[in-house]
Amino acid sequence: MFTLYVKDTFSAAHRIEDYNGKCEALHGHNFQVEVLFTGERLGKGGMLVDFKILKNYLRKILKTLDHSYINEIPFFMERSGSSEYLSMYIFNEFKKLLKEKEITLKEVRVWESEKTYAAYCE
């Protein structure tokens, strides 16, 4: 089994509603996003999928989040703008874009600092 991994960053503001602490106030992060895939069969050039394809998908998703107020994006109007829900959102958006059958989307990690991340996987 082979594993592929792509990462990128975005900056955004959010607030955690129904939270009794300083994160309930509007604040921002420079988020780092990591996406992991697995696959068994290598194709042309000894690759599962060209990294360029996966990075383009990730950039397209993060473009909708970059320099935004996360709580105003429709998905987050019905739920918290937490890193946990951000990882779920990015995972689900990636599933919509991913057309390559050679790989399986395994996990999305959203780092809101260099020491903490939340992940979503199925």
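As a starting point, this report considers the structure included with it. What you see is a predicted model, and the numbers here were worked out from it, not measured in a lab. (Residues numbered from 1 in each chain as written. Predicted model: local features only at pLDDT ≥ 70, side-chain atom pairs only at ≥ 80, totals over all residues. Heavy atoms only, no water.)

Observations regarding helix H3 (residues 83–97)
Spacing of three or four residues puts side chains on the same side of an α-helix, whose turn is 3.6 residues. Put simply, the test is: Runs of H or I in DSSP of at least four residues are treated as helices and runs of E of at least two as strands, each being numbered from the N terminus. In this analysis, the expected span of each helix is defined as 1.5 Å times one less than the number of residues it contains. Working definition: with a 1.4 Å probe on protein chains only, accessible area under 20% of the residue-type maximum means buried, over 50% means exposed, and in between means partly exposed. What makes two residues a contact is simply this: any of their non-hydrogen atoms within 4.5 Å.
In this model H3 runs 21 Å from its N-terminal to its C-terminal C-alpha over 15 residues, within 8% of the 21 Å that 1.5 Å per residue would give. Residues of H3 that are buried: Ser-83, Leu-86, Ser-87, Tyr-89, Ile-90, Phe-91, Phe-94 and Leu-97. Each element contacted by the buried residues of H3 is listed here: strand E1 (2–14), strand E2 (27–39), helix H1 (51–65), helix H2 (74–77), strand E4 (104–111) and strand E5 (117–120).

Points about unusual backbone geometry
Of note, the phi angle at Asp-18 is positive, near 60 degrees, even though the residue is not glycine. Inspection of the secondary structure assignment puts Asp-18 in the loop between E1 and E2. What makes Asp-18 exposed here is its relative accessible area of 80%. For His-67, which is not glycine, the phi dihedral falls at a positive 55 degrees. Within the secondary structure, His-67 sits in the loop between H1 and strand E3 (68–69).

Focus: the pattern of salt bridges
Side chains that differ in sign of charge can pair as their charged atoms come close. Keep this limit in mind: For this document, the term salt bridge refers to a Lys or Arg side-chain nitrogen within 4 Å of an Asp or Glu carboxyl oxygen.
If you walk through the whole model with that rule in mind, you get 5 salt bridges. Arg-15 is paired through a salt bridge with Glu-17; the nearest N and O atoms lie 3.5 Å apart. Owing to a relative accessible area of 46%, Glu-17 belongs among the partly exposed residues under this scheme. Among the ionic pairs, Arg-109 bridges to Glu-34, the shortest N-O distance being 3.5 Å. Of this pair, Arg-109 sits in strand E4 while Glu-34 is found in strand E2, placing the two residues 75 residues apart along the sequence. Exposure remark for Glu-34: the relative accessible area of 6% places this residue in the buried category. Salt bridges linked by common partners bring Glu-34, Glu-107 and Arg-109 together as one network.

Things to note about the sheet that holds E3
The line we're drawing: We treat two strands as partners when DSSP finds at least two bridges between them. Orientation is described by axes fitted as lines to C-alpha atoms, over the contacting stretch for helices, and by angles from 0 to 180 degrees between their N-to-C directions.
The mixed open sheet is built from 5 strands, whose spatial order is E3-E1-E2-E4-E5. Strands at the two margins of the open sheet, each flanked by one partner only, are E3 and E5. Each of E1, E2 and E3 is contacted by H1, which is oriented at about 15 degrees to E1, the strand it contacts most. Where H3 meets the sheet, it contacts E1, E2, E4 and E5, and its direction lies at approximately 145 degrees from that of E4.

A short note on the pairing of E5
In the case of a regular strand, side chains alternate between the two sheet surfaces. Of the strand pairs in this sheet, E4 and E5 are connected by 4 bridges, and their pairing is antiparallel. Residue pairing across strands places Arg-109 opposite Ala-119, the latter belonging to E5. Linking E4 to E5, which pair antiparallel, is a turn of 5 residues.

Regarding the pairing of E4
In this sheet, E4 lies alongside E2 in antiparallel orientation, the contact comprising 7 bridges. Each residue of the ladder has a partner; that of Val-33, found in E4, is Val-110.

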